[in-house]
Every structure is written in C-alpha cells, then in structure tokens.
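Inside the fold
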Amino acid sequence: MSAPILRIEDLRVALPAWSDRPLAVDGVSLAIARNEILCVVGESGSGKSVMAKAVLGLLPAPHVRVVGGAIHFEGRDLLRAEEEEMREVRGGRISMIFQEPMVALNPLMKVGAQTDEIFRVHTDLDAPARRQRVVELFSDVHLPDPERIPDSYPHELSGGQRQRVMIAMALALEPALIIADEPTTALDVTTQAQILTLLKELQGRHGTAVLFITHDFGVVAEVADRVVVMRNGRLVETGATGEVLRAPQADYTKALVAAVPSLHPRHASAPDQPAPALALRGLNKVYGGRAGLFGGPGRRVHAVRDVDLEVPRGRSVALVGESGSGKSTLARCVVGLERADGGDIRLDGENIAGFSRRQLKPYRHLVQMVFQDPFASLNPRHRVGDIIALGPTLRGTPKREAWDRARELLGMVGLQPEAVGRYPHEFSGGQRQRIGIARALAMEPALILADEPVSALDVSVQKQVLDLLDDLRQSLGLSMLFITHDLRVAAHVCEEIAVMRHGAIVERGPTSEIFADPRHEYTRQLLDSVPGKGWEH
Amino acid sequence: MNTFRQRFFGNPRVIGGLAWLGLVIMVAIAAPLLSPHHPFEIVAQPFLIPSVEHPFGTDSLGRSIWAGLVHGARTTLVIAILATLASVAFGTLVGALAGYFGGWVDDGLMRLTEFFQTIPSFIFAIVLVAILTPSATSLIVAIAVVSWPPIARVVRGEVLSVKAREYVQAAVLVGQEDMAILFRQVLPNTLSPLIVTGSLLVATAILVESALSFLGLGAPNLMSWGFMVGAGRSFLRDAWWLVTIPGVAILLTVLSINLVGEGLNDALNPRLSDL
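Residues numbered from 1 in each chain as written. Chains lettered and ligands numbered in written order. Predicted model: local features only at pLDDT ≥ 70, side-chain atom pairs only at ≥ 80, totals over all residues. Heavy atoms only, no water.

This part takes up the sheet that holds strand β10 (residues 234–240) of chain A. Residues and elements named next belong to chain A. Across the sheet, six strands lie side by side as β6-β7-β8-β3-β9-β10; this open sheet has mixed pairing. This sheet does not close on itself; its edge strands, each paired only once, are β6 (94–97) and β10. Direction aside, neighbouring strands of the sheet carry axes that sit 20° apart on average. Pairing of strand β9 (residues 226–231) with β10 involves six bridges; the strand directions are antiparallel. If you follow R226 over to β10, its bridge partner there is A240. Helix-sheet contacts for helix α7 (residues 189–206) involve β3 (37–41), β6 and β8 (209–214), and the interaxial angle to β8 is about 155°. (Pairing = 2+ DSSP bridges. Helix = DSSP H or I, 4+ residues; strand = E, 2+ residues; numbered from the N terminus. Axes fitted to C-alpha atoms, helices over the stretch in contact; angles between N-to-C directions. Contact = heavy atoms within 4.5 Å.)

Structure representation (structure tokens):
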C-alpha cells in the first residue's frame, strides 16, 4: 500500500451531555491510500457520519466536538488547522457527496452556474474557459447532452442526474479525497447501480481516494477495496473487502453479513392454486385532472393502469418496483385509503371497489396493513395497549378482552406483554415495527399488506422483522402482499413476485422462475442492478 | 435528552416570568383581603403621593391606587383568560375541521377566517364593544372574535401535517369514525404549538383589554389597569404615579407572559433552540 492520503489517529468526538453515550466516535484510527475506495459500514448511530464530518470540520459545534486524536491530510493535522485553511481544504482537496442531491443543490440556481461558482472562487479561469470545464465535467459523469444540462434547474433533472451533477461538482477541482456519505441511498436500484459504476470508473481514472459511507453490504461488495466496520463509535473490524465479506472475524460483522437477505429465491411450497385471498382485475387509478379554480386543467397521472393480480390464500406475493411505479397507490386502493377509478378488487370473492368508508366497514378486518415508517405509524400519545386494542374495541370486543388479546399478541411478536402500558417512544424502530405487526394481527385479517415494512430499519433488525412476518404468516395461515423495492427482501419472504413499472405489472410469476429466467427486459435490468449480486455468503 | 420539565424550569427567563405571573395571580385571587376598600371608594384626598399609609398614592378623585391595582388585576386577568379560552376553542374547531376535511369545508372556513383577518383587529374590537354596549361580557366577546383567526390557521396547518401520518391511516383501516380520529388521533398531536400560541394570546388579550378600557370602552363598574391609565393620563405632569404604576403592571405582566410562552416553545421544540 502506498503512503496514505488521509490518516485518522485515535479520533474521539464527544456528544452533548444528554445523549445516550458520551462519545460519538471513540478512538477510531484508519488510513486511506491514493486510488483506494474505503467503505465505512455501520448501522444508524454507529458514528460513521460524525467521523466524516469531523474530517471536514463540519461538526455542529459546540454540542458535538472533537476531544482527541489527529487527522493527518497532506502533511497537516486538520484538527489544528485554521478556519481559513480548512476552507481551502474543503473546497479543493477534499470534497463531499451527500445522500440527498435535491437538498444539497440550490433549487434556485442552474446546475451549470452552481458548478461554475466553484471555478470562479477557486481558479483564475475566465468565463468561456469555465464554461468549457463545466461541459467537460458533465460529459465526464455521463450526463446526457452536457451542452444543455448546465442550463437546467435541479428540479428539471432526475434523481440520478442530480447525483451525477453532485459528483461532477465534487470532482471539479481534482480533489485528493472524496467523502461520499450514503450517496446512493436515496436512489432507485437501477440508478444506484449506474452511479456506483460511474463512481468506480471516475475514481479509477482520476486516482482519487474515496471514503464511502454506507449501511449496505451489497454496495460494499460492489465498490469497496477495503472495509471498516463501525459500531457505537468504535472500530469493530477492518480488512480487504473480499476477506471481510467472505470470512468476517468479529461477531458483530458476522451478524451483519448474515443479516443481508440472500438472493436465493424461495420456492413455492405447494403447486396447487387455492382460491385467491385477493384478486385484482383491470384496476386503474388516475390522479389529478381536476381543474383548479383559476388554473387550467391539472396534470393527470395514471398511477395504476389495468393491473391484474392475485394473492393466493396462504401465499406471499411481492410487488416489486422503483419509486413512482405505483405500487404504494395500488396498496392504498386495496385497503380503501384511495378509491380506485375502475376495475375489481375482490377480497375473499367480494368486490369492494368503489365502496365508501361506511360500506367498507364490514370488510375492514379482512385486510390490514403494516406501514413503512415505524416512527410515524404509532400515535405517540397513545399507550401500546390502546393502539393494538383500538380495532377490536371498535368492532365490539370488550375493552378488557381486547387488552388481554393485545398482551398475547405482543408475546407473539416477541415483546414483553407488559409493554401494553408503555408509550411508543420507549421502543426502538424494530420494536415499533413489531407493535405495528401486532396491531394488524389484532383484527384477525386474512390478508396482510406490508408496505416496505423494513426499509426504514437497520440491516440487523430488518432480518429479524422479516423472519417474524414470515413465521407469523405461516403459523397463522395468512396471505401477504409485500411491497418492496428490494429484490433481496422479496426473494427472502415471497413465493411469487410481480414486477411493476409505470403503473403496470410487467412480469409476474414464482420467485424462483423469475430469478432464474427473467422474461421482461426491465426485470433483467432490476436483477442486474442488485448491489453485490456476485457476492454470496 | 433532558425532560420537558428540566428544559422549561431550567430557563431563568421562564422562572422570572412565572414569578411575576404567580404574584399577579395571587394578588388577583386575594384582592378583597389585600385591599378591603372598594376600588371606586374615595379613601383620602386626591393626588396623594405614595406613602406608608397609601402605598401607591391616590388618584384624581382620592381613590386608592393600590386598591385599583389589585382589583384591576382580577378584572384584567379574568377577561384576558376567558377571551383566550373562547378564541382558542373556536379557532381550534374551525382549524381542525378545515384541515381534516379539506375540500369545500376547508375553502369555506378559510375564506371566513381571512374575512376576519382583513378587518384591522383593534378597530373591529372597538366597533364590537360599541355595538354590544361596554360590559365585561362584550369585552370578552370582542377580544375572542378578533383573535381566533391566527389560532385557526395554526391548528389547520398542524392538522394537515398530522393527518398524513401513518397512524391516522391505521385508524382509518380499523374503522374509526372521522370525528373520533380527529379528536383522539389528530388533535392531541397538535397541542404543543397550540399551547404556545394560546399562551402568547393571553398577553395580546391583556393589551387589547387595557386599550379598550383606556378609551373608556371597558366594563363600566369594574376597575381595570387600562382604565386607570386612561383616567390618569390628563394628570401625567402633576401626578406621574397615576399612569406609571398601572402602566408598569401591564408592561411586566405582558412581558412575563411572553417570556413564559417563549420558554414553552423552546421546551416543547428543543431542536429549534438547541442547534
């Protein structure tokens, strides 16, 4: 390994007094060489982002501050550099790529002008030369039509294009080090795959060192040369990517690696086709189209078009698609949160399409939903018992009985029955998701609709919640429609997969068949984009 | 993260505000004990400078300023608090219905709110009191009528954001009725901005009440701070204490309420003040 570009030695960063632990980063040492991609992996709260911010001197002082250690970069200690000096380093020598390009870009400024600003501040180039550089950069990151894109505003670009602009800006002054903080987490899988390829290509061409922060082992397998695993501010394991992924040493790393759902598709248990618990026929949903008071006709969005789908009794079907594919709208139509514009929704043979809320009431218990965000899906002012018992009580179960049932359900989802008396804020994200599952089960539904139930959770917790859902479904004989963007998750819990794009289902079949022989071009593209697809543990 | 209690009571400005407010409230409750004289009763010769016998002096008719101050605290506080409660109740109802049901309900209620907001509030209050004839009740009505629109807008905004949360959808899915969802799931989660706005509204209500009384539109047989300032203003050069003492009382009370209100805001939304 050549001499390191960045060397962090025994870095300690203190958190404010009221936090759950005194140090966000506790004695971390690491080094990155030229032309190397170092992945820092960890779950939320592991201190990985705080460490990156410490390198750039961007910690929210005085609450979070460095209390020890050194950060050596190009012959100086960044922790002891003057603010003036740091500004120079941040602009030219180290640059940063953020998670959410829409927030990192100024929405009122054309992207070309934002890139141009970097050259105006840091170089002596004149206007035509700067424009020339901007166009070069934009074609370097493979933006389509690099002559025209500089004159676009951020909102006119797609998420992937915005992230390409961010990368172009990060590369503008040929930095020695790029810090990328979860740069692909907000992107769709296919876009993520393109951005990762681009980052690797550019890094190889420019010889830049990259400090890549992520929570996703698939991404690690895709890009990293070396890996650092962090937990609670400490360094748990470090090593070459292949070794860490294939033969992790630390228990924590082992658990993390094991928690990544494998891409091995699950096989359908029985070949028979029982009567469907849910059947959709020609379902359509169109948003907008209503003219405003003064505006012209509103924009119409055909969110769901002519969808046919069945969920057989006792089976689990994954509805896979990227953001904007209409999968959540479809779910909202099925549970009656949206009214479909056409087609049949048959629950246990009964068509409920177009029913009003009053008409739906007798069918409510048949289908229940597990929501995405464990922090928004439980009312913070209600006790857990009240949250779970609400549905049964409304259906006429006496309160005492409903609460007894709630205790039982909490036991089933792996929580203490005493949790009924506590409030949601006393639980972690994974535990809250378990409470959400108990709430859905309390109605004794035939069909569970799970809308990205694990995408807001840490990897190690994801696996537990998925396994819990799977166990409960099989032991209670439930059917499940599982909405996800993640093919690994779909392969792990579902016997069948339906792939959705632009509101329509493009391919549908048993998971194993789709994985072995994808027919539709888009399905192939999705499968190719799964990060770390070549890596199997 | 420290608790709400620590954040609220650990703030010295809150303690200062609470101390003065506590004093005013106690004085208002104990008014008949602290000053056996009726505030309109003539107790000595006029224009006595503050002394041991008459701690705050006497006014142009020989009435005790101390008696006026303690009984005025009662009037001012009762009117301000009742007016605030009325406007918070009405504003919350309007805002909650508009935000929750949306569509034409929202359009109708919000146009009504804007109609009230377009009329300059103090002039509107004067007109209302003049039409209703001055009395404690008409003061309360007038203050409530001019101060509910901001409450309605705050509540509407909060309801709009809370009703999109997933626990509200979950309640719909288990079959809870709209009104139950609104009152059990949504409104309890809009309380913190409501408490802050409401507490600051008390200060505004005191100012409006004082201003109306100053103009002679106050309750005719009740002593109030604004009335005292109004009655003493012609003698400002000869007897400064007639205006100054009740004026300072108004100033300190309004300031204290604002300090406590801001303290509440900081304690309820710790992130805003912290980072």
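Additional details are given in the paragraphs that follow.
So, on to the interface of chain B and chain A. If you look at the interface, chain B gives 24 residues, while chain A gives 26 residues. Considering only the side of chain B, the residues that lose the most area to chain A are E166, L173 and V174 of chain B, jointly responsible for 32% of the buried surface there. Counting the contacts that link chain B with chain A gives two salt bridges. Measuring nitrogen to oxygen at the nearest pair gives 2.7 Å for the salt bridge that ties D178 of chain B to R357 of chain A. (Buried area = accessible area lost by both parts, 1.4 Å probe. Salt bridge = Lys/Arg side-chain N within 4 Å of Asp/Glu carboxyl O.)

Turning next to the environment of V162 of chain B. Residue and element names in this part refer to chain B. Among the structural elements, V162 can be located in helix α7 (residues 136–163). V162 gets classed as buried once you look at its relative accessible area, which sits at 0%. Those residues in contact with V162 that sit more than four places away from it in its chain are Y167, V168, Q185, V186, N189 and T190. (Buried < 20%, exposed > 50% of the residue type's maximum accessible area, 1.4 Å probe, protein only.)

Nonpolar side chains tend to gather and get buried jointly when the protein is soluble and globular. If you look at the biggest cluster of nonpolar residues, it comprises 54 residues, and the most contacted ones within it are L278, L280, L283, L330, L449 and L481 of chain A. Among the elements that line this core, the one with the most residues is helix α8 (residues 166–173) of chain B, at six residues. Formed by 52 residues, the second largest nonpolar core is a distinct cluster that contains V370, L378, A442 and F482 of chain A. (Core = buried A, V, L, I, M, F, W, Y, C linked by side-chain atoms within 4.5 Å.)

On to the sheet that holds strand β13 (residues 316–320) of chain A, then. All names here are of chain A. Ordered in space as β16-β17-β18-β13-β19-β20, the six strands form an open sheet in which the pairing is mixed. Looking along the sheet, the strands with just one partner apiece sit at the ends: β16 (367–370) and β20 (504–510). Shown here is a sheet whose adjacent strand axes are inclined to one another by a mean of 20°, direction ignored. Bridge analysis of β13 against strand β19 (residues 496–501) gives four bridges, and the strand direction is parallel. Each residue of the ladder has a partner; that of L319, found in β19, is A498. Sheet strands in contact with helix α15 (residues 429–442) are β16 and β17 (447–451), and its direction is about 175° off that of β16. Against the sheet, helix α19 (residues 521–529) makes contact with β13, β19 and β20, and its axis sits at roughly 105° relative to β19, the strand it touches most.

Residue and element names in this part refer to chain A. Evaluation of the coordinates by the stated rule reveals 44 salt bridges over all chains. Note that E136 and R133 form a salt bridge whose closest N and O atoms lie 3.1 Å from each other. One end of the pair, E136, and the other, R133, are both in helix α5 (residues 127–140), three residues apart, so they sit about a helical turn from each other. A residue is classified by how much of its surface remains accessible, and E136, at 36% relative accessible area, is partly exposed. The salt bridge involving D517 is made with R519; its shortest N-O contact spans 3.3 Å.

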